[in-house]
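A closer look at the structure
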Amino acid sequence: EHAVEFARGQKFALDSIPETFREDYQNAAFGMVYDHCDQWPSKLEAFYKGSPREEEFQVFGFKPPTAIFNDLLKLGVFVDGCKTPACSMRAVMRDERAAKRLVTQLTTLMELGKVAIANMPSDGETFEKEASSSILETMKITANGSDVHFEFDIFAPSLADSSIAAFRTSAGWINFNAVAKCETDGSVTVKPEMTFSSPPSMFGQTLDASDYRGKTVLLELDMQCNEDVTNESGAFVWASRQEQSTADVYLGRTPRQQGSPYTGHRVLSAKTMAANSSSSWSDSSKAERLTVGVALSSEAPIRTLKVPFKVPNDAQHLSFGCYCKNSEIRMSNVKFQVVEDVVKQSISQSGITDATEDVPCNVMVVPGYTIRKLPVELNFEQSAPKSVEFAARPTGNQSR
């Protein structure tokens, strides 16, 4: 019955989120909400009762008045993609007294946890130790009435160092579901990985948008691609923004139904240009993913693509690059610059406003990737270094 209501647009995911968590849920890159937490104590007790480790569970005291979970009513866990602390939790307790008691109990347990981590064997699981240490060292717990708010980061250098290698081919560039190879002639060949069914594969850079806000930038590049895939290969420029997209701003797009879990999310402002000059990013997303990628023909024509883009005044990150779905492409002669008014008029009609709600605003922000002020390696000469610098961690209350 629920499935039918969702399919008919009579019920939305947001409807199931308690009102107290909806703003957190809508503004998060990822969120989980647990309702009816008052049922947890009995379930937990049934789980550990009579087990060999019953004494360990007794540390949490599932009997009143010291039980940690006995007075918990609702719990929300949220992750923001572009700020620190990135992780937060909100616990709704039965009353203010229970909230203060929870803060005291968990603060004590955290100190015990720090001691335990400090005494972990040096040959233990590196990631587990780094992640646990990061959570405990960055954790801040505050109470506001019956609400308890937790903020923390999970920062594991060993994980970032290994995972970032999968995203790096050339210094400053990011692979997203793509394999890129720098050629000796100053071009780069981008081959889609045939793993994800829907999104096109991407190869691009992400910049700090603060120096570009309110300005018009122009991405210009030469692209070689097979004639039969010009509708699903192209170039993009986009930026994260805080404002909700509307049909008035993004003409030609069908807005999501009111009540969608994505309604109100900070979304992309985007401009794309397919190799055929008429198709959109959405067309590439909807194209069927083949099981085997198609190789680039040596006789494939080379086209010059120009994508102008007005950077929103509230943009935080600015990304640009190329995309493809099923066939290998080659990119060269990349230029990215701020353009003057005289140039704006001649290129204002170029490109398609697109992709505003179909792509997460932080998709091109990769852990461990250094976000620069200016683009680098547009000629693809420098390969990605084996070791990477960690991205500067933002300070203050920055929005994603």
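So, here's what we can say about the structure. (Residues numbered from 1 in each chain as written. Predicted model: local features only at pLDDT ≥ 70, side-chain atom pairs only at ≥ 80, totals over all residues. Heavy atoms only, no water.)

**A few points about the side chain of serine 233**
Inspection of the secondary structure assignment puts serine 233 in the loop between strand S10 (216-224) and strand S11 (234-240). A polar contact is formed between the side chain of serine 233 and the backbone oxygen of valine 229, at a distance of 3.2 Å. (Helix = DSSP H or I, 4+ residues; strand = E, 2+ residues; numbered from the N terminus. Polar contact = N/O pair within 3.5 Å; in protein donor to acceptor, adjacent residues only side chain to side chain.)

**Considerations on helix H6 (residues 126-138)**
Taking 1.5 Å of rise per residue, the 13 residues of H6 would be expected to cover 18 Å, and the 18 Å separating its terminal C-alpha atoms lies within 8% of that figure. Within H6 the residues assigned to the buried category are Ala131, Ser134 and Leu136. Tucked into the core, H6 has its buried residues touching helix H5 (96-118). (Expected span 1.5 Å × (residues − 1). Buried < 20%, exposed > 50% of the residue type's maximum accessible area, 1.4 Å probe, protein only. Contact = heavy atoms within 4.5 Å.)

**Examining the environment of glycine 31**
Counting through the fold element by element, glycine 31 comes out in strand S1 (residues 30-34). Looking at glycine 31, the relative accessible area reads 23%, which means it is partly exposed. In this structure, the C-alpha to C-alpha distance between glycine 31 and valine 79, residues 48 residues apart in sequence, is 6.3 Å.

**Digging into a nonpolar patch on the surface**
The grouping of Phe30, Met32 and Tyr34 at the surface amounts to a nonpolar patch, some 270 Å² of accessible area in total. Inspection of the secondary structure puts tyrosine 34 in strand S1. (Patch = residues over 30% accessible without salt bridge, like charges linked within 9 Å, V, L, I, M, F, W, Y side chains within 5 Å. Areas by Shrake-Rupley, 256 points an atom, 1.4 Å probe, with all protein chains shown as cover. Salt bridge = Lys/Arg side-chain N within 4 Å of Asp/Glu carboxyl O.)

**Quick notes on the environment of phenylalanine 203**
Topologically, phenylalanine 203 is positioned in strand S9 (residues 201-208). As for phenylalanine 203 and valine 188, which are separated by 15 residues in sequence, their C-alpha atoms are 9.7 Å apart.

**Section: the sheet that holds S1**
Taken together, the 5 strands give an open sheet; going across it, the order is S1-S2-S3-S5-S4, and neighbouring strands pair in antiparallel fashion. Strands at the two margins of the open sheet, each flanked by one partner only, are S1 and strand S4 (140-144). Sheet twist, expressed as the mean angle between neighbouring strand axes with direction ignored, is 15°. (Pairing = 2+ DSSP bridges. Axes fitted to C-alpha atoms, helices over the stretch in contact; angles between N-to-C directions.)

**Looking at the packing of aromatic side chains**
If you walk through the whole model with that rule in mind, you get 12 aromatic pairs. Relative to phenylalanine 380, the ring of tryptophan 173 lies with its centre 5.1 Å away and its plane at 45°, an arrangement referred to as tilted. Separated by 207 residues along the polypeptide, tryptophan 173 in the loop between helix H7 (157-163) and strand S6 (174-176) and phenylalanine 380 in the segment after strand S16 (352-353) bring together distant segments of the chain. Residue tryptophan 173 shares its accessibility class with phenylalanine 380, and that shared class is buried. Centre to centre, the rings of tryptophan 238 and tryptophan 281 are 5.3 Å apart; their planes meet at 80°, and the pair counts as edge-to-face. Of the two residues, tryptophan 238 is situated in strand S11 and tryptophan 281 in helix H8 (residues 281-286); the sequence distance between them amounts to 43 residues. Among the aromatic residues, ring-to-ring pairing joins Trp173, Phe203, Tyr212, Phe320, Phe336 and Phe380 into one connected group. (Phe/Tyr/Trp six-rings, centres within 6.5 Å; stacked < 30°, edge-to-face > 60°.)

**Details of H5**
If you check H5, its first and last C-alpha atoms are 34 Å apart, about what 23 residues at 1.5 Å a residue would give, namely 33 Å. Taken together, the buried positions of H5 are Ala98, Ala99, Leu102, Val103, Gln105, Met110, Gly113 and Ile117. Elements that come into contact with the buried residues of H5 comprise strand S3 (87-93), H6, S4 and strand S5 (147-152). For H5, the N-terminal cap is aspartate 95; the gap from its side-chain oxygen to the backbone nitrogen of arginine 97 is 3.3 Å.

**Some words on the sheet that holds strand S8 (residues 188-192)**
Taken in spatial order, the 5 strands of this open sheet run S7-S8-S15-S10-S13, and their pairing is antiparallel. The outermost strands of the open sheet, each flanked by one partner alone, are strand S7 (178-182) and strand S13 (302-310). Here the strands of the sheet are splayed against their neighbours by 30° on average, with no regard to which way each runs. Sheet analysis places S7 next to S8, joined by 5 bridges and oriented antiparallel. Following the sheet pairing, alanine 180 is matched in S8 by valine 190.

**A short note on the nonpolar core**
Val190, Phe203, Leu219, Val237, Leu318, Met331 and Phe336 are the most contacted members of the largest nonpolar core, which totals 34 residues. Those elements giving two or more residues to this core turn out to be S7, S8, S9, S10, S11, S13, strand S14 (317-324) and strand S15 (329-338). When neighbours within four sequence positions are excluded, leucine 318 is seen to be in contact with Gln205, Thr206, Leu207, Ala209, Tyr212, Val237, Trp238, Ala239, Phe309, Val311 and Phe336. (Core = buried A, V, L, I, M, F, W, Y, C linked by side-chain atoms within 4.5 Å.)

**Section: the packing of H5 against H6**
Orientation of H5 relative to H6, taken along the N-to-C sense of each, is 150°, at an axis distance of 10 Å. With respect to H6, the element H5 is oriented roughly antiparallel. Pair H5 / H6 crosses with left-handed handedness. Contacts from Met110, Gly113, Lys114 and Ile117 in H5 reach Lys129, Ser132, Ser133, Leu136 and Glu137 in H6. Tallied by class, the residues present in the contact of H5 with H6 amount to 3 nonpolar, 3 polar and 3 charged. (Parallel < 35°, antiparallel > 145°, perpendicular 65-115°, else oblique. Left-handed = near helix turned anticlockwise from the far one by under 90°. Nonpolar A, V, L, I, M, F, W, Y, C, P; charged D, E, K, R; others polar.)

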